[in-house]
Amino acid sequence: LWDGAGNTVKNNTCFNNSQSSPGRFSGIMLTTTASSLITGNKCYDTQVTKTQKHGIEEFANCRENTVSDNEARANAKEGYSLLGKEGRHNGNRD
């Protein structure tokens, strides 16, 4: 999500992304996004050489997003990078 508010990203499966630019892009990415719901998603990388940066990545320029009940595992970096302000992050699993 880029430069928006009030969005819902729900029950998606995101895997093995960023193959043309390994380690650059995450399964789900939020930048300049506010008051959105990210829930019930599964984001992972099954490749021997991991290319998907994070399962879910929220940049510091985001605010008041809810990231809950997701599963993010086996990515090139941590499953989650949640740097937004005043957000709610709960029930997420690696």
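Quick look at the structure, then. (Residues numbered from 1 in each chain as written. Predicted model: local features only at pLDDT ≥ 70, side-chain atom pairs only at ≥ 80, totals over all residues. Heavy atoms only, no water.)

Description of the overall build of the protein chain
No. 1: If you tally the helices and strands in the protein chain, you get 0 helices and 11 strands.
No. 2: In terms of C-alpha radius of gyration, the protein chain reaches 12 Å, essentially the compact-globule figure of 12 Å for 94 residues.
No. 3: Projected onto its principal axes, the C-alpha coordinates of the protein chain cover approximately 35 × 25 × 20 Å.
No. 4: Burial analysis of the protein chain (94 residues in total) assigns 43% to the buried set.
No. 5: Of the contacts made within the protein chain by residues no fewer than 6 positions apart, 70% connect residues no fewer than 24 positions apart.
No. 6: A total of about 5100 Å² of accessible surface is found on the protein chain, and carbon and sulfur atoms cover 47% of it.
No. 7: Treating the 11 positive side-chain charges of the protein chain as one cloud and the 10 negative ones as another, the clouds have centres 3 Å apart. (Helix = DSSP H or I, 4+ residues; strand = E, 2+ residues; numbered from the N terminus. Rg over C-alpha atoms; globule rule 2.2 N^0.38 Å. Buried < 20%, exposed > 50% of the residue type's maximum accessible area, 1.4 Å probe, protein only. Contact = heavy atoms within 4.5 Å. Areas by Shrake-Rupley, 256 points an atom, 1.4 Å probe, with all protein chains shown as cover. Lys, Arg positive; Asp, Glu negative; His and termini not counted. Charge placed at Lys NZ, Arg CZ, Asp CG, Glu CD.)

Some remarks on the nonpolar core
No. 1: If you look at the biggest cluster of nonpolar residues, it comprises 11 residues: V9, C14, I28, L30, I38, C43, I56, C62, V67, A72 and Y80.
No. 2: Each residue touching L30, except ones within four places of it in the same chain, is listed here: L1, I38, I56, E57, E58, F59, C62 and N65. (Core = buried A, V, L, I, M, F, W, Y, C linked by side-chain atoms within 4.5 Å.)

Purely spatial values, then, with no claim about function.
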